[in-house]
Structures are given as structure tokens and as C-alpha cells.
Amino acid sequence: MSNLENKILHQRNSNPLQLKPLGNLLWRPAQRFTRIGGLGSLAVLPDELLLSHVFASFEAEDLFRAQGVSRAFYGWTRVEGIWKGLYISKTQGRLLDWYGSWRSSYVCTFFRPSSILDSTPLPTDHITTPTHHSDVLFQPCLCASFDPCSVFRSPTFVPSISRIDGRGLKPDDLPRNPIILTHLMEDWPAFAPSTSPEVMRNWTLPLLSSRYPTTLFRAEATLTTLPSYEGYHNQCEFDESPLYLFESGFVGKTAREGGSGMGEDYTVPECFQEDLFQVMGNGRPDYRWLIVGPKRSGSTWHQDPNGTSAWNAVTTGSKAWIMFHPDVTPPGVFVSEDQGEVEAPLSLAEWFNTYYKGAKSTYGANAKDSSKRGKMVEGICEAGEIFYVPSGWWHIVVNLTPAVAVTQNYVSNRELPAVLRFMRDRPEQVSGFKLAKGPVDTNAAEGDAGGLGECDECVPDVFEKFVESLRRDKRDIMEDEKVKIIVEGKNKGSSNGVEVKRGKDLSLWERVKEERETSGGFSFGFGFEDGDELENVED
């Protein structure tokens, strides 16, 4: 099958109802009667109101019954975002068996015995509404049809992020700009070549599913086992923003399963081993995550938390990165004056469809304005490579293929002034630290919470605790003049590292309900413990 045939098939799969954008009515004015006649007295309401105040307020049973009223009603009862919220609420945040869409999964799980349905479509799945015109209904289909390879595998795409051999690099050798490092993963069991005797420890989703079939992992607003997530991962073409598995507790969880845990499958490269947050022991913030996602999934615009730098190692697949220099806010991202609130498009596809071309022409390598030229850089990190994210750089990441990766945030001497300033001046924005339920066990095993409870965005005195730990274990570092000025409270100013919070520019489906009631969106996973999350699915 050719690339064009694949693209056409993908577009058909992402718009199974054959919906049309509103502007197409200019060529087919008679088709307006599909909406007028099909909605009756409700036709006077704008589509945005129909979504947010009518159909989104239905219970699942009523929404399912309403599909038989008319083709117009059928179009509104097929909104995946509504069914996603209903499913997550009904399962208390669990992703269970997957049947190709949020609607089908709800129906097959709660309305009809799945044992008699097998994986066959529902009888109504073949109904189409090609004369139904609505921008509100068409937008998620447009987002679901977005193919990132059309951007990053295009013959005209020229990467602007360099690759260098990472062997022998020291922390001070790292550049100030993003870079892709090679030859640092050859001895990782997580990236074992096919000829290696440790190939079964290779980090692919099927192999990880077989190693840890019952372990629960965090995938945005859901908890799921890897086999269940794999079912979703392999058949989520209707989802405009596919669930991204982003688990901070993977080392401790897999170590408790017996056998080799995932923490034994990789080694932190030498150039990233200087991490001053280690002086806090198990009181340090969350800092490492397992990342798994299908094609089109990824993370929207953010800077890494608490002013830290990060590295991201790809074991399977390919990831595209777009980076903006810390002194430039990416187009479509809006930051409050105190930098405490950041509004950004939740959907990757929305940003690419709306802002990418303008951003590249304004800030890319060929920008006309020399003062802005090169402020936006982009590149592709392949399996076996590690992407380095310097402190403060804005970035967005999208999977070009199904991908598995591990990422860690850290604080070296280079980032320390920015991190200290951030923690001192913006305590309400410090994230990832856990409140202690009782006395903290300083002898807890690696990856164990050690008596720490749920995360809290405003854990008290983290700056003071970090400084105290540095004075105890890193006295020489505390003698640095820049560090002294910050610790003594002089020369207060802004710092890098603003946590992204979603705001007005969310996707259409996230406007149905607040993100805390639906998909939760992508975040750094600074959430509650798994037991708490099952009772309250807010992320």
C-alpha cells in the first residue's frame, strides 16, 4: 500500500461518520436541513452550546438511546470526548478492555456482555452522516487525522538540532543548546540488539506487557495494566489526543514484581550523573518516568519542572522535538505576568495545524528577522539515541511511530542557581515533592516512597530543606558566590522552569468538561498514589 493510500485510509478511519466542516455548506446549501430537521427546536442553539450544555449533560444510557432520533442526533451522540469522560468516570479511572473507541468500550463493557461481541463493530458503527456540517464535530476528526510524519518525514524537512557522540562526555562538556547524543545506550538491556542474549529485556511494549502483566501504570487520567494499554495503543485512531503512558513509579513498581525490575535495564550516562537533588534522598521530587505512546501521542508545550534539565532516551521508535529558546514563548502559548499561569493548546494536532508554519517562518533557521532566527530548533531522536533538554527550554514532543522511552530530570552545578532561585521565589509553583504521612524512612530502597505520601504542589519549606541538605553534603558548592547570593535572599529575580497548566486554548472535547473530570491531559505525573487515584480519578 502506498503512502497516499495509507493517508487516505487513516483519514477515513479518523472520520467514520464522514462529517463535513461548516464552510462546505456554501457548495451544498440544501444539506443544512440535516441539522435543522434533525435537531428540531434544538437547531436554534449554536453547536458549542449543544455540545457543552445539552449532549455533554446526558447520562450514558440516555446518550446511547438518543442516537436513534435522527442522523443529526446520531452525530452528536458519537462525540468521543463525551464518551471518554463517561468511561473514565464509570471505571473510577481505570482503562480496562478496549474495543476501538471510547463509545464502543463503554457499550461493550457496561451495556452488553463483551464475551458475545468479540471484537466485532457495534451494529450502528457503519452509519454515516455525510450531509451533517459542523466545525465543532469536524475539528476532532481533523486532529485525529493529523500525521506528524507529513511534517518531519517530508523531503523538505531539515533538522536543526545536531548529533554528537556522547561517549566520554562529562557534565561540563554538555552544550547550552539542545543536542542529540549517540552511542550511550549500546550496553543497556533496555536497548538490547536482536543478537543479544538479553533481548527479552528490550523495552518494547509487547515485551514489557509480558514481563509485567498485572502492574498498574499511569496513563494520564487512567490507571492501566500494560496489556490493557497495549490494546488501546494498537487501535486508537479515533482519539484526537491519544493517551500517553507517563509513569514516575516504574522502578519501584517493577522491582516489587520479582525478577529484574526496569531500574536494572538502563544506566544513567556519565554526563548526566551529577544530580544534586540526590542529597535529599527519598525526599527529592519525582524525577524519572517511563514513557510509552502510539504514533501521534506526545507532550504539549512545557518547560521542565523546577528549573531542571532533562535527558530522554528512546529504546523503541522515533520522537520529533521542537524547542524554543528560554527567552521566547512559543506561538499559541500564553504566560501570565508572574509566569505562574501558562495556557497552551492541549492537543498536539491543534498546535501543528494552527501554529507550526507561522512559528517556523518567524523563528526557524530561515527567519527573515535575524534577532529571531534560530530561536526555534527541531529534530528527530531515533531509537538508541538520547535527547538532551537544557534548563528553561520550551519543548513539544510527538511520536512519529509507536515509541518507548525513559526520561530523567536532574540538577547539576550548572542548573543549581536557576533551581534555587525558582524554589525560593516561586514556592507555589514547585512541583513533584511528596508530603510525609509519617516519619520518612531514609533507608528505603531505591524507587520506594519511604513513608512519603501523596504529592502536593505546595509542600512547605522545600527550599530550606534542599539548602540544608546541600550544606550537609555539598559544602564546597555552597561556597559559590552565585549560590550564596540566592540562599541569602539577595538579587531576587525570575528563573527558568515554568510548569505548564492548561487554560483557555484546550481542545474542543476538553471544553465539554474540565480536564480534571475527563482525560486529564498530559502532565508530568505529579499526582496521587495509585490507591487514592482509584477513588478519585482527578489527576
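Residues numbered from 1 in each chain as written. Predicted model: local features only at pLDDT ≥ 70, side-chain atom pairs only at ≥ 80, totals over all residues. Heavy atoms only, no water.

### A short note on unusual backbone geometry
(1) Moving on: Phi at His-183 is positive, roughly 60°, even though this residue is not glycine.
(2) Moving on: Mapped onto the secondary structure, His-183 falls in the loop between strand E2 (179-182) and helix H11 (205-211).
(3) Moving on: With a relative accessible area of 36%, His-183 lands in the partly exposed category.
(4) Moving on: One non-glycine residue, Arg-296, adopts positive backbone phi at about 85°.
(5) Moving on: Mapped onto the fold, Arg-296 is located in the loop between strand E6 (288-293) and strand E7 (298-302).
(6) Moving on: By relative accessible area, which is 8% here, Arg-296 ends up buried. (Helix = DSSP H or I, 4+ residues; strand = E, 2+ residues; numbered from the N terminus. Buried < 20%, exposed > 50% of the residue type's maximum accessible area, 1.4 Å probe, protein only.)

### Some details on the packing of helix H6 (residues 80-90) against helix H7 (residues 102-111)
Think of two packed helices as two axes; the pair is described by the angle between the axes and how far apart they sit.
(1) Moving on: In contact at an axis separation of 8 Å, H6 and H7 are set at 40° when each is read in the N-to-C sense. As judged from the angle between their axes, H6 and H7 are oblique. In this structure, H6 crosses over H7, and the sense of that crossing is left-handed. Across the interface between the two elements, Glu-80, Trp-83, Lys-84, Leu-86, Tyr-87 and Lys-90 of H6 pack against Trp-102, Arg-103, Ser-105, Tyr-106, Thr-109 and Phe-110 of H7.
(2) Moving on: When the residues that make up the contact of H6 with H7 are grouped by side-chain class, the tally is six nonpolar, two polar and four charged. (Axes fitted to C-alpha atoms, helices over the stretch in contact; angles between N-to-C directions. Parallel < 35°, antiparallel > 145°, perpendicular 65-115°, else oblique. Left-handed = near helix turned anticlockwise from the far one by under 90°. Contact = heavy atoms within 4.5 Å. Nonpolar A, V, L, I, M, F, W, Y, C, P; charged D, E, K, R; others polar.)

### Quick look at the pairing of strand E14 (residues 394-399)
(1) Moving on: Across the six residues that make up E14, a large majority, six, are buried.
(2) Moving on: Of the two faces of E14, the one carrying Trp-394, Ile-396 and Val-398 and the one carrying His-395, Val-397 and Asn-399 are both buried.
(3) Moving on: In this sheet, E14 lies alongside E7 in antiparallel orientation, the contact comprising three bridges. Along E14, the bridge assignment pairs Gly-298 with Val-398. (Pairing = 2+ DSSP bridges.)

### Considering the side chain of Lys-253
(1) Moving on: Within the secondary structure layout, Lys-253 lies in helix H13 (residues 250-255).
(2) Moving on: A distance of 2.8 Å separates a polar side-chain atom of Lys-253 from the backbone oxygen of Leu-216.
(3) Moving on: A polar atom in the side chain of Lys-253 sits 3.1 Å from the side chain of Glu-247. (Polar contact = N/O pair within 3.5 Å; in protein donor to acceptor, adjacent residues only side chain to side chain.)

### Observations concerning helix H14 (residues 348-363)
(1) Moving on: The terminal C-alpha atoms of H14, which comprises 16 residues, lie only 19 Å apart, well short of the 22 Å expected from a rise of 1.5 Å per residue.
(2) Moving on: Taken as a whole, H14 carries its principal kink of about 55° at Tyr-355.
(3) Moving on: Listed in full, the buried residues belonging to H14 are Leu-348, Ala-349, Glu-350, Trp-351, Phe-352, Tyr-356, Ala-359 and Tyr-363.
(4) Moving on: Tucked inside the fold, the buried residues of H14 contact helix H9 (135-144), helix H10 (149-152), E7, strand E9 (318-324), strand E12 (376-382) and E14.
(5) Moving on: Where H14 begins, the side chain of Ser-347 points an oxygen toward the backbone nitrogen of Ala-349, at a separation of 3.3 Å. (Expected span 1.5 Å × (residues − 1). Bend = angle between axes of the 7 residues up to and from the residue.)

### Section: the packing of aromatic side chains
(1) Moving on: Considering all chains together, one arrives at 38 aromatic pairs under this definition.
(2) Moving on: Residues Phe-324 and Tyr-363 carry aromatic rings whose centres are separated by 5.4 Å and whose planes lie at 75° to one another, so their mutual orientation is edge-to-face. Taken as a pair, Phe-324 in strand E9 and Tyr-363 in helix H14 lie far apart in primary sequence, 39 residues in all. Like Phe-324, the residue Tyr-363 is buried in the burial classification.
(3) Moving on: Pairing Trp-351 with Tyr-356 gives two aromatic rings, centres 6.3 Å apart and planes at 70°, and the pair type is edge-to-face.
(4) Moving on: Overall, the relative accessible area of 0% leaves Trp-351 in the buried class.
(5) Moving on: A relative accessible area of 8% places Tyr-356 in the buried class.
(6) Moving on: In this structure an aromatic cluster arises from ring pairing among Phe-64, Trp-83, Tyr-87, Trp-98, Trp-102, Tyr-106, Phe-110, Phe-111, Tyr-229 and Tyr-232. (Phe/Tyr/Trp six-rings, centres within 6.5 Å; stacked < 30°, edge-to-face > 60°.)

So far we have only geometry, and geometry alone does not tell us how the molecule works.
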